[in-house]
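Remarks on the overall topology
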Amino acid sequence: MSEVLKYFDIKHKSADGKARTGTLHLPHGDVRTPVFMPVGTNATVKAIPKDFLEEIDFDIILANTYHLFLRPGADLIAEAGGLHGFSQWKKNFLTDSGGFQVFSLSKLRKITEEGVRFQSHIDGSYHMFTPENVVQTQTKFNSDIQMQLDVCSGWGVERREAERALKITSDWLLRARKEWEIQREKGYKGLLFPIVQGNFFEDLRQKSAEFVSSMEWAGIAIGGLSVGEPPAEFKRFLNYTVPFLPEDKPKYVMGIGTPEYILDAVEAGIDMFDCVLPTRNARNGSYFTRQGMLSIKQERWIHDFGPVDPECDCKVCRTYSKSYLRHLFKEQEILSSILASYHNLYFLNKMLKEIRIAIDEDRFQQYKTDFLDKFHEGV
């Protein structure tokens, strides 16, 4: 049985486009797709206890290899029983490779063919990430899905830089796969996903996608998007890249978390996505609603005793008023971050449930149009 049949089943392909529903079979339970995955950088989704994640009905969350490697360290996490034992989140973890920090902390690192030498943002100490030891670290985490170490290049870089980043990423993939196979022989059950790069050059995107597709994987990630490019370029390069990837593998676009980007991704045939945006926005007092983003700090809510979103049935909207939530935010109460984060994650997860139903009923395009028309009305 091939890996894709073993780990991913397509349930339904939409009659009105490329959108599809499916099930990803992972060591800590099945994941319904399309799926939004909350980001838990330090083995915790900020301001959200794991009980709330279970209550909202998430199947998988992310954790960050770079940050957890620095503190508390992979050996301690392994001693605690991996990320699941350490955090007590018993469903699935996807861990990134630290590759995005190669991009975002560019002043603190040096990339060579061997790996990435970086300086800790915590204490200034120096460390080396290689494709091999990043796999070893994620194995200690007992990640259900781990990502290869890659080089992500930003919007607007010259072709030469994009070519070098792609060559290194491709070379590192082969090394990561070899180490992952060693770890699997030792009993590790988690999957390894490769990452398509190529920046915003069509031929490089095609080259990367075809290289990745020449090997057997349980799933494939598309990286290097949502890195500062205009939304139209995101959509164009996403739709350009997907046809070069096997249709029957789950596809993961890294780092998107707005309804617009999620709907565009699902439309293109993407199954998985993640982003810090819902919880980061929440901590800044920004709530998702059916009619767009609502800023709770505005004075117009002082005497408004209605819910943030009358169409939302989460416990925040059932219980608290905009007036009270504004008060919590203005007073910088910790509860403000907790309640706003809960609501935003509930909102997106409910949206994904609706998307899956719409796909199964062959009405995804109508759902997308109706959702965005209302979302863009504004609060």
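What you are looking at is a predicted structure, and each value in this text was computed from that prediction instead of being measured. (Residues numbered from 1 in each chain as written. Predicted model: local features only at pLDDT ≥ 70, side-chain atom pairs only at ≥ 80, totals over all residues. Heavy atoms only, no water.)

1. A few points about the overall build of the protein
- Each helix and strand in the protein was counted, giving 16 helices and 17 strands.
- For the protein, the spread of C-alpha atoms along the principal axes amounts to about 60 × 50 × 40 Å.
- The buried share among the 379 residues of the protein stands at 55%.
- Across the protein, the fraction of contacts at a sequence separation of at least 24, relative to all contacts at a separation of at least 6, is 68%.
- A total of about 15900 Å² of accessible surface is found on the protein, and carbon and sulfur atoms cover 51% of it.
- Each charge sign in the protein was given a centre, from 48 positive and 52 negative side chains, and these centres are 3 Å apart. (Helix = DSSP H or I, 4+ residues; strand = E, 2+ residues; numbered from the N terminus. Buried < 20%, exposed > 50% of the residue type's maximum accessible area, 1.4 Å probe, protein only. Contact = heavy atoms within 4.5 Å. Areas by Shrake-Rupley, 256 points an atom, 1.4 Å probe, with all protein chains shown as cover. Lys, Arg positive; Asp, Glu negative; His and termini not counted. Charge placed at Lys NZ, Arg CZ, Asp CG, Glu CD.)

2. Brief notes about the sheet that holds strand β3 (residues 29-33)
- Reading across the sheet, the three strands line up as β1-β2-β3 and stay open at both edges, with antiparallel pairing between neighbours. Both outer strands of the open sheet, β1 (8-13) and β3, are each paired with one neighbouring strand and no more. Across this sheet, the average inter-strand angle for adjacent strands is 15 degrees, counted without regard to direction.
- Judged from the five bridges that link them, strand β2 (residues 20-26) and β3 form a sheet pairing that is antiparallel. Residue Leu24 lies in a different strand from β3, and its bridge partner there is Val31.
- Contacts from helix α15 (residues 334-360) reach β1, β2 and β3 within the one sheet, and its direction differs from that of β2 by about 120 degrees. (Pairing = 2+ DSSP bridges. Axes fitted to C-alpha atoms, helices over the stretch in contact; angles between N-to-C directions.)

3. Some details on the confidence of the model for the protein
- Summing up the model confidence of the protein, the mean pLDDT is 96 and the portion of residues at 70 or higher is 98%.
- The low-confidence segment residues 1-5, where pLDDT is below 50, has 10 contacts with residues more than four positions distant or belonging to other chains. (pLDDT = per-residue confidence, 0-100.)

4. Notes on the layout of surface pockets
- The space that makes up the largest pocket amounts to roughly 800 Å³.
- Lining the largest pocket we find 33 residues, and of these Phe100, Gln101, Gly255, Asp274 and Val276 sit closest to its centre.
- The set of elements that each furnish at least two residues to the lining of the largest pocket consists of β5 (60-63), α6 (99-104), β15 (272-275) and α12 (277-283).
- The element best represented in the lining of the largest pocket is α12, accounting for four residues. (1 Å grid on protein atoms, 1.4 Å probe; cavity = no way out; pocket = protein on both sides within 12 Å on 5 of 7 lines; lining within 4 Å. Points joined across faces, edges and corners; volume = space filled by probe spheres on them.)

5. Examining the packing of aromatic side chains
- By the definition in use, this model includes 14 aromatic pairs.
- Seen from their ring centres, Tyr66 and Phe118 are 5.1 Å apart, and the 50 degrees between their planes marks the pair as tilted. On the criterion of sequence distance, the pair formed by Tyr66 in helix α3 (residues 65-70) and Phe118 in strand β8 (residues 116-119) is long-range, its members being 52 residues apart. Across the pair, exposure class does not vary: Tyr66 and Phe118 are buried alike. (Phe/Tyr/Trp six-rings, centres within 6.5 Å; stacked < 30°, edge-to-face > 60°.)

6. Description of the nonpolar core
- Ranked by internal contacts, the top residues of the largest apolar core, which has 81 residues, are Phe36, Leu238, Ile262, Phe273, Met351 and Ile355.
- Top contributing element to this core by residue count: α15, with 12 residues.
- If we ignore the near neighbours within four places in the chain, the residues touching Met351 are Pro259, Ile262, Leu263, Tyr367 and Phe371.
- Counting 21 residues, the second-largest nonpolar core is a separate cluster that includes Phe8, Ile60, Ala218 and Tyr252. (Core = buried A, V, L, I, M, F, W, Y, C linked by side-chain atoms within 4.5 Å.)

7. Thoughts on the sheet that holds strand β12 (residues 195-196)
- One open sheet holds the five strands; their spatial order is β4-β15-β14-β13-β12, and the pairing between them is parallel. Two strands in the sheet have a free side with no partner beyond their single neighbour: β4 (35-38) and β12.
- Where strand β13 (residues 220-222) meets strand β14 (residues 251-253), three bridges bridge the pair, whose relative direction is parallel. If you follow Ala221 over to β14, its bridge partner there is Tyr252.

8. Regarding the pairing of β5
- What you see with β5 is no split at all: Ile60 and Leu62 on one side and Ile61 and Ala63 on the other are buried throughout.
- Sheet topology places β5 next to strand β6 (residues 92-95); four bridges connect them, and they run parallel. Bridge assignment links Ile60 to a residue of β6, and that residue is Asn92.

9. Quick notes on helix α9 (residues 202-213)
- A rise of 1.5 Å per residue sets the reference length of α9, with its 12 residues, at 16 Å; its end C-alpha atoms lie 16 Å apart and thus fit the reference within 8%.
- Those residues of α9 hidden inside the fold are in contact with α8 (159-185), β12, β13 and α10 (231-241). (Expected span 1.5 Å × (residues − 1).)

10. So, the pattern of salt bridges
- Scanning all chains against the criterion turns up 28 salt bridges.
- A salt bridge links Lys91 to Asp59; the shortest N-O distance between them is 3.9 Å. Residue Lys91 is located in the loop between α5 (82-87) and β6, and its partner Asp59 is located in the loop between α2 (50-56) and β5; the two are separated by 32 residues in the primary sequence.
- Judged by relative accessible area, Lys91 falls into the partly exposed class, the value being 25%.
- Accessibility expressed as a relative area gives 10% for Asp59, which makes it buried.
- Close ionic contact of Arg177 with Glu181 constitutes a salt bridge, the shortest N to O distance being 3.2 Å. Linking Arg177 with Glu181, this pair stays in helix α8, spanning four residues, or about one helical turn. (Salt bridge = Lys/Arg side-chain N within 4 Å of Asp/Glu carboxyl O.)

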